[in-house]
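Residue-level listing of the chains:
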Amino acid sequence: VQLQASGGGLVQAGGSLRLSCAASGRTFSRYAMGWFRQAPGKEREFVAAITWSGGTTYYADSVKGRFTISRDNAKNTVYLQMSSLKPEDTAVYYCAARPVIIATTASEYDYWGQGTLVTVSS
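Caption draft 1: Up close: a nonpolar patch on the surface. Taken together, the side chains of Trp52, Val100 and Ile101 make up a nonpolar region of the molecular surface, amounting to roughly 310 Å² of accessible area. Mapped onto the elements of the fold, valine 100 is located in the loop between β9 (91-99) and β10 (111-112). Classification of valine 100 as partly exposed rests on a relative accessible area of 42%.

Caption draft 2: Expanded view of the packing of aromatic side chains. Per the counting criterion, the structure on display carries six aromatic pairs. Ring geometry for phenylalanine 36 against phenylalanine 46: centres 5.7 Å apart, planes inclined by 70°, an arrangement best described as edge-to-face. Of this pair, phenylalanine 36 sits in strand β4 (residues 31-38) while phenylalanine 46 sits in strand β5 (residues 45-50), and the two are ten residues apart along the sequence. For phenylalanine 36, a relative accessible area of 1% puts it in the buried group. By relative accessible area, which is 14% here, phenylalanine 46 ends up buried. Aromatic side chains tyrosine 94 and tryptophan 112 sit 6.5 Å apart centroid to centroid with 75° between the ring planes, which places their arrangement in the edge-to-face category. Of the two residues, tyrosine 94 is situated in strand β9 and tryptophan 112 in strand β10; the sequence distance between them amounts to 18 residues. With relative accessibility at 14%, the residue tyrosine 94 sits in the buried group. On the basis of relative accessibility, which here comes to 28%, the residue tryptophan 112 falls in the partly exposed class.

Quick notes on the rules
- Residues numbered from 1 in each chain as written.
- Predicted model: local features only at pLDDT ≥ 70, side-chain atom pairs only at ≥ 80, totals over all residues.
- Heavy atoms only, no water.
- Patch = residues over 30% accessible without salt bridge, like charges linked within 9 Å, V, L, I, M, F, W, Y side chains within 5 Å.
- Areas by Shrake-Rupley, 256 points an atom, 1.4 Å probe, with all protein chains shown as cover.
- Salt bridge = Lys/Arg side-chain N within 4 Å of Asp/Glu carboxyl O.
- Helix = DSSP H or I, 4+ residues; strand = E, 2+ residues; numbered from the N terminus.
- Buried < 20%, exposed > 50% of the residue type's maximum accessible area, 1.4 Å probe, protein only.
- Phe/Tyr/Trp six-rings, centres within 6.5 Å; stacked < 30°, edge-to-face > 60°.

What follows is the structure in structure tokens.
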């Protein structure tokens, strides 16, 4: 499956952005999806994940209550709605896919998008 992330940009602290990840190739609805991020000089970290059906979601503690992951299997797209953004949310955001079972570690994901940069100014 091929993944294309988009929607990043520059936003002021307290603002919102919605990231999208469009999938093509194999049957999207059979894949659990995740969002990860990597800030300069730091390791890639888990942000959010969603099951193939959308029925279960997981979030990192740092984004819980501020970010929402969702998916539209008819459009082969997963979203990350980000609100109340903080400067520490600045990072390159990556979407990832793995067959069926949801996961929260990067090594468990098989397919990755190219990343989209989110910059939050103070």
